[in-house]
Amino acid sequence: MMTMNNHSNDIDYSNGYMEPEEEWEREGLLDPAWEKQQKKTFTAWCNSHLRKAGTAIENIEEDFRNGLKLMLLLEVISGETLPKPDRGKMRFHKIANVNKALDFIASKGVKLVSIGAEEIVDGNLKMTLGMIWTIILRFAIQDISVEEMTAKEGLLLWCQRKTAPYKNVNVQNFHLSFKDGLAFCALIHRHRPDLIDYHKLSKDNPLQNLNTAFDVAEKYLDIPRMLDPEDMTNTAMPDERAIMTYVSSYYHCFSGAQKAETAANRICKVLKVNQENERLMEEYERLASDLLEWIRRTLPWLQSRQADNSLSGVQKRLEEYRTYRRKHKPPRVEQKAKLETNFNTLQTKLRLSNRPAYMPTEGKMVSDIANAWKGLEQSEKSFEDWLLSEMMRLERLEHLAQKFKAKADTHEDWTRGKEEMLQSSDFRQCKLNDLKALKKKHEAFESDLAAHQDRVEQIAAIAHELNTLEYHDSTSVNIRCQRICDQWDRLGSLTQKRRTDLDDAEKILEKIDILHLEFAKRAAPFNNWLDGTREDLVDMFIVHTVEEIQGLIDAHGQFKATLSDADKEYNSIIGLVKDVESTVQKYQIPGGLQNPYTTLTSSDLSKKWSEVKHLVPQRDTTLQAELRKQQNNEMLRRQFAEKSNQVGPWIERQMDAVTAIGMGLQGSLEDQLHQLKQYEQNVFAYKPHIEELEKIHQAVQEGMIFENRYTQYTMETLRVGWEQLLTSINRNVNEVENQILTRDSKGITQEQLNEFRASFNHFDKNRTGRLAPEEFKSCLVSIGYSIGKDRQGEIDFQRILAVVDPNSTGYVHFDAFLDFMTRESTDTDTAEQVIDSFRILAGDKPYILSDELRRELPPDQAEYCIQRMAPYKGVNAVPGALDYMSFSTALYGESDL
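Calculation notes
Residues numbered from 1 in each chain as written. Predicted model: local features only at pLDDT ≥ 70, side-chain atom pairs only at ≥ 80, totals over all residues. Heavy atoms only, no water. Helix = DSSP H or I, 4+ residues; strand = E, 2+ residues; numbered from the N terminus. Buried < 20%, exposed > 50% of the residue type's maximum accessible area, 1.4 Å probe, protein only. Contact = heavy atoms within 4.5 Å. Areas by Shrake-Rupley, 256 points an atom, 1.4 Å probe, with all protein chains shown as cover. UniProt positions renumbered as here; feature names shortened; annotations may be inferred. 1 Å grid on protein atoms, 1.4 Å probe; cavity = no way out; pocket = protein on both sides within 12 Å on 5 of 7 lines; lining within 4 Å. Points joined across faces, edges and corners; volume = space filled by probe spheres on them. Nonpolar A, V, L, I, M, F, W, Y, C, P; charged D, E, K, R; others polar. Axes fitted to C-alpha atoms, helices over the stretch in contact; angles between N-to-C directions. Parallel < 35°, antiparallel > 145°, perpendicular 65-115°, else oblique. Core = buried A, V, L, I, M, F, W, Y, C linked by side-chain atoms within 4.5 Å.

A. Layout of the overall build of the protein chain. Looking only at helices and strands, the protein chain features 32 helices and four strands. Taken across its 897 residues, the protein chain has 46% of its residues classed as buried. Counted over contacts in the protein chain with a minimum sequence separation of 6, partners at least 24 positions apart contribute 75%. Just so you have it, the protein chain exposes about 45600 Å², and 50% of that area is on carbon and sulfur atoms.

The following block contains the structure:
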């Protein structure tokens, strides 16, 4: 029997199937029936391999004589290249080619006995069959191994095991046990029950059984018909070598199917992991693109400072901003948290499946999203600050506009008719007294004109300020101001001209009424004081605190204290009028009651004085109402401060507690996850306090309250703290879940995990949940990891750092540290394993066909491979050949697919 050695390819044929000629005699090879069966079987076996090279033989002792097809057969079945054959037709050329073939056989550890090139060239059938049997043993039967038995024993044991359950089949040898054909049918049915209905076969129909097995094997299993059913049934004992050769084809066919199934399962597993990772990557890209696009669309609106420059327009924008914070932003906060969670889960899965870390497309990194989010929050704060400052500015503008209108109305009322009066020539027909009266009247007008100079300057100053602050209706203000200034210039010119005319006539007209002049001189400033006082009493004001309104109330009290002096002045001026009336009545002066120096009358002063006394209590009422408003604002400040001083510290305490849990200081991972979930529920339960604070804050803003000395918290800082708390809880929950996933998949114990966490926390001095490179190195050294202080040690450390920090962030997080400490002991798929699996499916070809993928893999994964595999460009490529090697390495990030 043939002996096999697991550590060598050499085969000792001294007691095996490459026996010398006397052994052939002993085996009965010279029996004509056996020789016929061997010739037919060996010819079919050779052709089953030669057809791969596009050729075949017809006569085994003739077609191998020149050695060319013999060398080609050896190249096909070994997959190696033999020396270049001689192409001559002389006998020595043929012998040389056959010797090259025999040398190649000997190089494979086969000891050829009594077989020479001359016998093959001479067409010695016995020697030719012996040589082919040697080739069959070496390349078809030698590799068969079952429980470390020899090739023949192993093949026989394989047949016995596969046919054991079948009735009427008892395989004990390779001749009589196969004569009725049921053994062949049982082997086929055991592996492909869909091809043969074994229960319909009968032991009494050996010829039918043999034909059925040979036809099915040739048609469906690609095993050529190597035996003749008539020869087997008509021979007392069929040839053992012919049957062994044919049965070995069954073994290789069915063992290859089992390997293909195993390879397909491995590929399916790898592809399923890769498809899930790609789905997570696509979802991350979609969420990141959507969030960044929303931020990109939102930023121009927040950065826009365009408004219609009106108070109502700014108030409308403020309400739009509140709607944005209340309705539009919260879903995006949740989307951002989900995005970060998906990213961390994906990276964990990639590490556990031995894949390279996922690098999002440019501009969609987690850091890019964080920077964009930070820019959004900065724009929100800037926008809100601008809205509030703009409201203050526009409120002042409205106040200035109303003040301008009031002063302009008063001035235009005063100037009405003055130009016509100054252009009048009435003094030319007056008597002396009338003329003197006109002159005095003109002097009084000049005094009045000078007194109004300050009001005109005030009007111009207010108009200038409105222009500087970009008042929305500055055009009409400018037109009116210019009209007032132009009229004022004309009044000055006309006044000077009239004085000149009166001076020219002064030589004629001399008498003047002292009392009228005195009245005019004193009544004019008193009248101006009355006008100014009335303006002050109806003047609008803006205050923001109780102290400011109290200051106005105190000033108003001081003003009321001066009313007694004004009352004395009023009675004195009215006394002048009464003196004039008594004088006119006493001396009967014609037209003496007409005051030539002023248009003011005692009734005018009395009316204005009465109006001033009426406006004083009204002013009291207005000031008191404003005082109540500021007191209410003070109450709102205190309410906001009281609530915010509760909410702010609560958020800070929750942040500290969540951070402590995230450091792994409180129990097992499951305990930490439970605590984090509990904190998450507590935070959501606390949300009504935030909403209550938002309502108070809205009332504060509507009350135009811009400062609060009772608290250090603002609504913006509380909003940011709340969002950071939610983000921190979600991030820590995700990290703990990933640690549980890592622990369970790596098979580490809770004690090991606690030890890793304790070492990590020891060097995490600032409790940030991450280590700088030097801190990480110290942590590795502390747990016994040897890192040299020389150049090679630094190179090794940088290699480790590239694994735990693939994105070069400058920090090592605990999940990456944990993965590093456990990953080296994990059994994971590699690119080489996947390549070997594909090679089995391809039948040892360096390429694979789409039909082979569809036959061995599930439909969706077969199509997945076909769409992503590049065409094979190597030697002997056929149409449709696919490169499975580059595809396999690309799955593990080792090439660019």
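Still to come is the rest of the account.
B. Looking closely at the UniProt feature "domain: EF-hand" (unreviewed entry) in the protein chain. The sites that carry the UniProt feature "domain: EF-hand" (unreviewed entry) are, in the present numbering, residues 751-786 and 792-827. Measuring from the first to the last C-alpha atom of residues 751-786 gives 22 Å, for a span that is 64% helix and 6% strand.

C. Representation of the UniProt feature "coiled-coil region" (unreviewed entry) in the protein chain in the model. The UniProt entry lists residues 270-297 under the feature "coiled-coil region" (unreviewed entry), expressed in the numbering used here. In the segment residues 270-297, helix accounts for 100% and strand for 0%; the C-alpha atoms at its two ends are 40 Å apart.

D. Structural view of empty space enclosed by the protein. Summed over all chains, the structure comprises three cavities of 30 Å³ or more. Here the largest cavity is characterised by a volume of approximately 60 Å³. Together, 11 residues line the largest cavity, and Leu669, Gln672, Leu753, Asn754 and Arg757 are the ones closest to its centre. Of all the secondary structure elements, the ones that give two or more residues to the lining of the largest cavity are helix H22 (669-685) and helix H25 (750-763). Per-element tally for the lining of the largest cavity: the top contributor is H25, with four residues. By residue class, the composition of the lining of the largest cavity is three nonpolar, seven polar and one charged.

E. Region of the structure containing the packing of helix H4 (residues 68-78) against helix H7 (residues 125-141). Contact geometry for H4 and H7: axes closest at 11 Å, N-to-C directions at 10°. Considered as vectors, H4 and H7 are oriented roughly parallel to each other. Contact with H4, carried on its side by Leu70, Leu74, Ile77 and Ser78, involves Met131, Ile135 and Phe139 of H7 and no other residues of that element. Class assignment of the residues belonging to the contact of H4 with H7 gives a composition of six nonpolar, one polar and no charged.

F. Region of the structure containing the environment of Arg51. Along the chain, the position of Arg51 falls in the loop between helix H2 (32-50) and helix H3 (60-63). Classification of Arg51 as partly exposed rests on a relative accessible area of 41%. Taking C-alpha positions, Arg51 is 9.5 Å from Val76, a pair spaced 25 residues apart along the chain.

G. Structural view of the side chain of Arg455. Of note, Arg455 is situated in helix H16 (residues 432-468). Not counting chain neighbours up to four residues away, the residues in contact with Arg455 comprise Lys407, Thr410, His411, Asp531 and Glu535.

H. Expanded view of the nonpolar core. Ranked by size, the top nonpolar core spans 77 residues in total, and within it Ile135, Phe178, Phe184 and Tyr250 carry the most contacts. The greatest single-element share of this core, amounting to 12 residues, is contributed by H7. Those residues within four positions of Phe184 in sequence are excluded, and the remaining contacts are Phe178, Leu210, Ala213, Phe214, Leu227, Met232, Ile243, Tyr246, Val247 and Tyr250. Counting 47 residues, the second largest nonpolar core, distinct from the first, contains Phe640, Val683, Val733 and Phe817.

I. Local environment of unusual backbone geometry. In this structure, Asn354 is a non-glycine residue whose phi angle is positive, near 60°. Residue class for Asn354 comes out partly exposed when judged on its relative accessible area of 28%. Located in the positive-phi region is Asp844, a residue other than glycine, with phi close to 70°. Residue position: Asp844 is located in the loop between helix H29 (831-841) and helix H30 (850-856).

J. Here's a closer look at the environment of Lys100. Summarising the element assignment, Lys100 is placed in helix H5 (residues 91-107). Separated by 17 residues in sequence, Lys100 and Pro83 have C-alpha atoms that sit 7.2 Å apart. Excluding anything up to four places from it in sequence, Lys100 contacts Met71, Leu82, Pro83, Lys84, Pro85 and Asp86.

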